[in-house]
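A closer look at the structure
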Amino acid sequence: MNLLKLSLSYIRRQKLTTLLNTFLLGIGIATIILLLLFSAQFGEKMERDAKGIDMVVGAKGSPLQLILSGIYHLDVPTGNIPLSEVEKLRANRMVKEVIPLSLGDSYNQFRIVGTTEAYPAHYEAKVASGKMFNGTSEATIGAQVAKETGLKVGDTFVGAHGLVEGGEGHHQHPYKVVGVLAPTNTVMDRLILTSLASVWDVHGLPHSEANKPEDEHHSDEAHDHEEETTAKPDSTANVTEAIKPLPVPPITGPPAVMGGALPSGAIAESGPEVTVALVKFASPIATVMLPRSINSQTKLQAATPAQQLANLLQLVGVGISTIRVFGFILMFAALLGVFIALYNAIQERRYDLAMMRALGASREKIFLHVLLEGLIYAIMGVIVGLLLGHGITEIIGQVLSSANQVELTGLRFVPGEVWVILAALATGVIAALIPAFQAYRTDIAQTLAD
Amino acid sequence: MFLLENVIHQYDGQTVLDMPLWKAEQGEQWIMLGPSGSGKTTLLHILAGLLKPTSGNITIAGQDLGTLGAAQIDHFRGQNIGIVFQRMHLFGTLTVRENLLMAQFVAGEPQSEERVDEVLEGLDIGTKKFAYPAQLSVGQAQRVSIARAVINRPKVILADEPTSALDDRNCDKVLELLKKQAETHKATLVITTHDQRIKDAFGNQFNL
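About the cut-offs
Residues numbered from 1 in each chain as written. Chains lettered and ligands numbered in written order. Predicted model: local features only at pLDDT ≥ 70, side-chain atom pairs only at ≥ 80, totals over all residues. Heavy atoms only, no water. pLDDT = per-residue confidence, 0-100. Helix = DSSP H or I, 4+ residues; strand = E, 2+ residues; numbered from the N terminus. Patch = residues over 30% accessible without salt bridge, like charges linked within 9 Å, V, L, I, M, F, W, Y side chains within 5 Å. Areas by Shrake-Rupley, 256 points an atom, 1.4 Å probe, with all protein chains shown as cover. Salt bridge = Lys/Arg side-chain N within 4 Å of Asp/Glu carboxyl O. Pairing = 2+ DSSP bridges. Buried < 20%, exposed > 50% of the residue type's maximum accessible area, 1.4 Å probe, protein only. 1 Å grid on protein atoms, 1.4 Å probe; cavity = no way out; pocket = protein on both sides within 12 Å on 5 of 7 lines; lining within 4 Å. Points joined across faces, edges and corners; volume = space filled by probe spheres on them. Nonpolar A, V, L, I, M, F, W, Y, C, P; charged D, E, K, R; others polar. Contact = heavy atoms within 4.5 Å. Buried area = accessible area lost by both parts, 1.4 Å probe. Polar contact = N/O pair within 3.5 Å; in protein donor to acceptor, adjacent residues only side chain to side chain. Expected span 1.5 Å × (residues − 1). Arc of directions from axis to C-beta. Core = buried A, V, L, I, M, F, W, Y, C linked by side-chain atoms within 4.5 Å. Phe/Tyr/Trp six-rings, centres within 6.5 Å; stacked < 30°, edge-to-face > 60°. Lys NZ or Arg CZ within 6 Å of the ring centre and 35° of its normal.

So, the confidence of the model for chain B
- Summarising the model, chain B shows a mean pLDDT of 90, and 100% of its residues fall at 70 or more.
- Within chain B, the lowest mean pLDDT, 86, falls on strand 9 (residues 204–207) of chain B, and the highest, 95, falls on helix 3 (residues 96–107) of chain B.

Below is the structure:
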């Protein structure tokens, strides 16, 4: 027999009260833990995808939109930019690497990205089966894409126009899956990669072998190809610090892909287009200089992921703080619940407490006995809270995994949880302080003489 | 044994107890008689160290209670004084066995199942070991409270109106058990009562 067993015997008797308090505390803790897990994993993923990318260059518009569409493939792109402009950037001494991306089509909500081999290389993506895309109409798909669409090497599929489901299909230009990437835990897993030339082809932009000027809704682009002779086919060749040369040999085709909402016709005359370019800097000084000069001196827009991420987290942060406050309110309600339960219990149990004194327990022991009971409530709340918090996070993760982007797991712990647990335990003890002091002060002689 | 000298207790400025001397030898059995409100319970609580008198000296089993601190008095009581209350005040959430183990734990004594069995057998309620207080009759519950009072082999057993809630048959039995337990443990026994049925059961009478 000990104080713990005695406390537990009382708690067992007060089943409903115990249930209510445990539940309240548990939900409060679970809410906060859910937030912790979510923001930790969300933040990590955001950082992982943006790692190493110092600047994103695209059409004018919202810089956040540019980052979201260019790095995370979440938002629609701001528009298209001339490839020649991107190539000029490549010539800049402060730039180490430029990865062009052409967006606009999707397959089963997975985005088809026309790019170069530098893109998968940046995320250290390895081919799990098959090979990396090379020729036109070849596609290498991310691990998640393969898993959810069932596509495998040798399969063909037709991309749909636009980034959401229901777009018009490009039936004349099926893609052939030539490779599947190993999981990288980055945005790469959810993308379908192909060459820039393939994307141009699909949109009926004539160049070298592929010559299909149909596709009515791009007719404005199609007629641009009359001016193809003015394009500079060797623009890729004079890249100073070249990454691998673009798989599209000489770019003669007129403008590329439509990029989201913006009509590309406006800048179409200047040659082939891409949607965004991911830029790595060669020197830290570029961080200060380049984005500013691009934004002020060109038709392009440059955005730095670090800055936009901070903006985004600040926006999201308001919501997170609100929910966190809600969690603490729940915990506070639980504190009140435990306090009232113990306060009443001490009134009911004054004979038992006096009897313990009569049997030889000191005032201090009685005090500890009541505190212990508050702590037990808190421990039960913590257990329920941990189970609920991680359980719900895992369930949300499972549900969202089939939807988009967010990979969430409840099977992970973050250091912040330790503080939540400590706060909850302290809450239990604090709630028990006044009842414990009451028990401490009980006049046993008077109580027993009643 | 115990010795009370010049014990005066005041409550709200009124003297509720004034006792020049009361001395009892080890193993003696006493009955304390007096009408309701005469201060029997107050005196018993003072004797048990539950209440500190306004003035006076109390010595129990050779120990002067006046020299002990609050926590020390609690500990001393747990080890040396067994108390049987009119209302039994058993722990309702614990079984009979657990009630007795609790008494050992709180007094700082080692918890012994054998001792629990021994005491319960001695009071003829061994079969109720795993029952909860609510499942006991009044007589059985009173025996459990006696068992709890003697489990730590006290030097002094104090019983406050132990028979007032009992019928004649149980009254005699409880009285007998108390006497027997006091003899077994060679303890000094004091019973307070206003119960006319038992006033002649003891040789030593103390009238308040």
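Things to note about a nonpolar patch on the surface
Residues and elements named next belong to chain A.
- A cluster of nonpolar residues, Tyr-343, Ile-430, Leu-433 and Ile-434, forms a patch on the protein surface that exposes about 360 Å² of accessible area.
- Of the residues forming the nonpolar patch, the biggest block, 3 residues, is contributed by helix 13 (residues 416–441).
- Tracing the sequence through the fold places Tyr-343 in helix 10 (residues 305–348).

Overview of the sheet that holds strand 5 (residues 63–64) of chain B
All names here are of chain B.
- Spatially, 4 strands are ordered 2-1-4-5 in an open sheet, and the strand pairing comes out antiparallel. The open sheet has two edge strands with one neighbour each: strand 2 (14–24) and strand 5.
- Bridge analysis of strand 4 (residues 55–60) against strand 5 gives 2 bridges, and the strand direction is antiparallel. Pairing of Ile-60 across the sheet is with Gln-63, part of strand 5.

Remarks on the pairing of strand 2 of chain B
All names here are of chain B.
- As defined by bridge partners, strand 1 (residues 2–11) adjoins strand 2 across 9 bridges and the pair is classed as antiparallel. Bridge pairing in strand 2 links Leu-3 to Lys-23.
- Turn length for the strand 1-strand 2 hairpin, with the two strands adjacent in sequence and antiparallel, is 2 residues, and the turn residue Asp-12 shows positive phi of about 55°.

Considerations on the pattern of salt bridges
Residues and elements named next belong to chain B.
- Inspection of the entire model under this criterion finds 18 salt bridges over all chains.
- Glu-25 is the salt-bridge partner of Lys-23, the closest N and O atoms lying 2.7 Å from each other.
- Classification of Lys-23 by relative accessible area gives partly exposed; the value is 43%.
- Take Glu-25: its relative accessible area is 39%, and that puts it in the partly exposed class.
- When salt bridges that share partners are traced, they join Arg-97, Glu-113, Asp-117 and Lys-129 into one network.

Side note on the layout of surface pockets
All names here are of chain B.
- Of the pockets and cavities examined, the largest pocket occupies roughly 410 Å³.
- Elements supplying a minimum of two residues to the lining of the largest pocket: strand 4 and helix 2 (70–80).
- Counting residues per element, the lining of the largest pocket draws most heavily on helix 2, which supplies 4 residues.
- Tallied by class, the residues present in the lining of the largest pocket amount to 10 nonpolar, 5 polar and 8 charged.

Quick word on the interface of chain A and chain B
- Residue-level contacts link 26 residues of chain A with 29 residues of chain B.
- Across the interface of chain A and chain B, roughly 2400 Å² is buried in total on both sides, 66% from carbon and sulfur atoms.
- The largest per-residue losses of area from chain A upon contact with chain B belong to Met1(A), Met355(A) and Leu359(A), which jointly make up 31% of the total buried on that side.
- Remark: the boundary between chain A and chain B carries 1 salt bridge.
- For Asp74(B), the salt bridge identified is with Arg357(A), shortest N-O distance 3.3 Å.
- Our count for the chain A to chain B interface comes out at 5 residue pairs in polar contact (both at pLDDT 80 or more).
- Looking at the side of chain A that touches chain B, the elements that each hand over two or more residues are helix 1 (3–13), helix 11 (350–358), helix 12 (363–402) and helix 14 (444–449) of chain A.
- Per element, the largest residue contribution to the side of chain A that touches chain B is 6 residues, and it comes from helix 11 of chain A.
- Class assignment of the residues belonging to the side of chain A that touches chain B gives a composition of 14 nonpolar, 5 polar and 7 charged.

Thoughts on helix 6 (residues 168–184) of chain B
All names here are of chain B.
- The end-to-end C-alpha distance of helix 6, which contains 17 residues, comes to 24 Å, matching closely the 24 Å that a straight helix rising 1.5 Å per residue would cover.
- Within helix 6, the full set of buried residues consists of Asn-170, Cys-171, Val-174, Leu-175, Leu-177, Leu-178, Gln-181 and Ala-182. Buried residues of helix 6, viewed axially, fall in a sector of 165°; they line one side. Among the exposed residues of helix 6, those oriented more than 90 degrees off its buried face are Asp-168, Arg-169, Glu-176, Glu-183 and Thr-184.
- Next to the buried residues of helix 6 lie strand 3 (29–33), strand 6 (81–84), helix 4 (113–122), helix 5 (138–150), strand 7 (156–160) and strand 8 (188–193).
- Note on helix 6: the residue one or two positions beyond its end, Lys-186, has a positive phi of about 50°.

Quick notes on the nonpolar core
- By size, the foremost hydrophobic cluster in this structure holds 98 residues, and its most contacted members are Met356(A), Leu4(B), Trp22(B), Phe91(B), Met102(B), Leu178(B) and Val190(B).
- Take this core: its biggest share by element is 7 residues, from helix 3 of chain B.
- Beyond its immediate stretch of four places on either side in the chain, Trp22(B) contacts Phe2(B), Leu3(B), Leu4(B), Trp30(B), Met32(B), Leu43(B), Leu47(B), Val190(B) and Phe206(B).
- Among the nonpolar cores identified, the runner-up in size contains 30 residues, and Met46(A), Ala118(A), Tyr123(A) and Val276(A) belong to it.

A closer look at the packing of aromatic side chains
- For the structure shown, the criterion picks out 10 aromatic pairs over all chains.
- For the ring pair Phe437(A) and Tyr440(A), a centre distance of 6.0 Å and an interplane angle of 10° mean the geometry is stacked. Linking Phe437(A) with Tyr440(A), this pair stays in helix 13, spanning 3 residues, or about one helical turn.
- Look at Phe437(A) and you get partly exposed, because its relative accessible area is 43%.
- Residue class for Tyr440(A) comes out partly exposed when judged on its relative accessible area of 25%.
- Seen in terms of ring centroids, Trp22(B) and Trp30(B) are 5.5 Å apart; in terms of plane orientation they differ by 70°. Their pairing is edge-to-face.
- Classification of Trp22(B) by relative accessible area gives buried; the value is 2%.
- Among the aromatic residues, ring-to-ring pairing joins Phe2(B), Trp22(B), Trp30(B) and Phe206(B) into one connected group.
- For the cation-ring pair, Lys179(B) lies above Phe202(B), with the distance from its terminal atom to the ring centre recorded as 4.8 Å.

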